[in-house]
Amino acid sequence: MKRLLASLAAVLVLGAVLVSAPAFLISTDAARARIEAELSAWFGAQVRVGAPPRVAVLPRLSLALDDVSLRGEGWSLTDASLRARLDLSALLGGTTRLASLVIENPQIRIAVPSEARPQAAMAAGRALQRILRHPLTVSNGVLRIGEASDPLLREIALRLASDGDGASVRGAFLFADQRVEASLALADTAVLAGQGAGSVVASLASSLATLRVDAMAGKGGASHLSGSFDLSTSDLRGLLERFGHAPVGDAALGVARVSGTGSASLSALELDTARVELDGNSGEGRLALYDGHEHPRLEGTLAFERLDLSAYLPEVQGVAPDPDAPGPDWHRVPLYRLLSRMDIDLRLSTARLVAGELETGPSAVSLLLRDGDLSVNLSETQVAGGTGTLTVRARPETESGYAASAMLIGEDLALAEVALPEDGPQFAAGRVRVRMDVTARGATLAHLARSYRAAIAADAKDIEIQGGDLDRTMDSLLAGETAQEAGSVSRFDTVAARLELDAEALRVSEFDARTPRHRLVLSGRIARADSGVALRGSVGQRRDDPADATAPPAKTMPVLVRGTLMAPRLLPDMTGLKGPPDR
């Protein structure tokens with residue numbers, strides 16, 4: 001009896017297939033054409049089947065297709081195998097309906113010109129909406145972008161399921177060396193076709209980084225989301241390198257997080273309320289990233305309680321003027337190649353700005369980079385008991401690659417707060433006004449470090465320097481005596497200096513120092529390589545009567561300064577000396 005029932009069931013199934021799908025069994029070419037037409041309408045893409053279709057009745061009614069290719073607007077799928085389970089009840093009713101679909105080993109390529117992204121997104125959204133009407137499984141897929149031969153994603157395994165008006169996608173894939181777990185939940189698949197509105201919850205998670213999106217789609221179509229976004233990584237440098245954007249240098253760029261609420265599309269992310277965390281710094285404000293036609297653009301206004309740039313200073317301080325000296329390769333890379341990767345417009349404010357041993361009060365920094373033209377401005381800020389401002393400009397030019405300039409101004413700075421090498425004299429008191437103007441030309445950072453010229457003007461008053469009494473030393477020189485044992489402090493009423501600095505030397509065009517009893521005037525050169533001092537000038541005794549301040553000194557003597565910058569020695573200059581000092 002059981003055998004009889006089984007035979008009757010098989011006959012019924014076979015009969016249903018013969019009645020509802022005769023084209024599949026009468027002509028292979030006709031069946032293939034019918035299948036291609038049905039799948040093209042179902043996927044919303046042009047479908048081609050390279051191998052003859054195969055229909056299986058047992059254990060379930062199914063259709064097997066090999067060498068399948070799909071071509072849509074801006075995307076394609078090739079070399080895939082499809083396994084479709086057919087709905088028997090639908091076939092008995094004279095229609096074809098898939099109970100489930102499995103796509104194995106698809107080679108997916110996305111090649112979308114930037115100007116066609118909205119249209120391509122809508123086309124892809126409509127195709128995905130159709131696909132999500134039935135259960136779909138993708139296994140061992142590969143995704144490539146543009147004409148790249150290396151895949152962006154490998155071992156793609158996804159399971160798509162419909163749930164009333166909504167749908168969900170879950171799975172995993174390999175990105176570089178990272179296994180990424182992925183999930184997507186849509187409240188209404190109509191948003192994929194730009195119709196209606198609904199929530200979108202998505203997440204990507206790996207050991208390196210995590211992305212979470214909880215947003216609404218609908219107002220801007222399938223490519224527009226409004227809601228909350230959260231991207232975090234334990235290694236920002238490593239994440240950027242895996243996307244093919246290796247940052248220059250070796251400075252930090254470790255733990256990072258960007259979160260906030262705003263909107264996102266295929267060409268922009270705009271966070272109206274953003275929080276940014278990077279290498280221990282945390283700021284809040286507005287942040288936007290746009291994918292321009294030539295390069296991306298970053299804009300934002302962020303406020304920090306404390307902004308510490310110390311981790312990034314070694315990259316700049318280590319620039320060697322010698323092109324053959326060891327150092328990072330990016331110092332020798334054309335600057336335009338480095339600065340034309342992205343446009344940036346950032347406005348940063350902070351209650352405390354820290355850069356190594358330098359610490360300021362409330363500060364505002366603007367960074368503008370457009371088409372390789374860089375401008376940095378630090379507005380007036382409290383530093384070393386006074387105020388300071390800094391402007392930097394580097395603009396591309398045809399002949400030399402880049403023309404760079406910088407201006408640093410410090411007003412009423414407390415010298416006691418200026419850090420000096422521990423093994424040399426230290427400032428105990430005094431105030432100074434200083435201005436430095438720098439110019440340089442070159443195609444690389446190393447060229448700029450070799451060609452720069454700086455003009456420095458400094459005027460200080462009421463100065464005390466620990467480590468020697470210069471007045472006593474000058475008394476001994478003018479008296480023709482052996483220099484006395486140095487005291488503990490040198491005091492100056494005023495010091496005026498005009499200097500020129502380049503990669504080889506510090507040239508002193510004017511140095512005029514006035515102590516309580518003497519005036520020391522010098523000019524000369526200080527070598528950068530060994531800090532060797534070669535200065536020449538005169539020591540004079542100041543007159544007691546202030547009314548005679550402009551008169552020549554009461555006593556004068558030509559002098560030399562030798563030794564090093566940290567250990568200078570004041571000596572009599574015997575060149576041309578014919579007699580004892582004037583009495």
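Note that residues are indexed from 1 along each chain, following the sequence as it is written. For this predicted model, a pLDDT threshold of at least 70 governs which residues receive local features, and a threshold of 80 or more governs which side-chain atom pairs are given and counted, while totals over whole chains, interfaces and linings are taken from all residues. Each side-chain value is derived from all of the structure's non-hydrogen atoms; neither hydrogens nor water enter the calculation.

Side note on the overall build of the protein
Helix and strand labels come from DSSP, where a helix needs a run of H or I of at least four residues and a strand needs a run of E of at least two; each type is numbered from the N terminus. When helices and strands are counted, the protein shows ten helices and 31 strands. Burial status follows relative accessibility: with a 1.4 Å probe on protein chains alone, a residue under 20% of its type maximum counts as buried, one over 50% as exposed, and anything between as partly exposed. Of all 583 residues assigned to the protein, the portion counted as buried reaches 37%. Considering only contacts within the protein whose residues lie at least 6 apart along the sequence, 44% involve residues at least 24 apart. With residues, only the protein chains shown are counted as cover, and all accessible areas are computed by Shrake-Rupley using a 1.4 Å probe. For the protein, the exposed area adds up to about 31,500 Å²; of that, 56% sits on carbon and sulfur atoms. In this description, contact between two residues means that some pair of their heavy atoms is separated by no more than 4.5 Å.

Observations concerning the pattern of salt bridges
By definition here, a salt bridge exists when the distance from a side-chain nitrogen of Lys or Arg to a carboxyl oxygen of Asp or Glu is within 4 Å. Evaluation of the coordinates by the stated rule reveals 26 salt bridges. The closest approach of N and O atoms between Arg275 and Glu284, which form a salt bridge, is 2.7 Å. By relative accessible area, which is 32% here, Arg275 ends up partly exposed. Where Glu359 meets Arg352, a salt bridge forms, and the shortest distance between an N and an O atom there is 2.6 Å.

Overview of the environment of Leu335
On the secondary structure map, Leu335 appears in helix H8 (residues 335-339). Look past the residues within four positions of Leu335 in its chain and what remains in contact with it is Tyr402, Ala443, Thr444, Leu445 and Leu448.

Observations concerning the environment of Leu313
Within the secondary structure, Leu313 sits in helix H7 (residues 313-317). Among all residues touching Leu313, those that are not within four sequence positions of it are Ala355 and Gly356.

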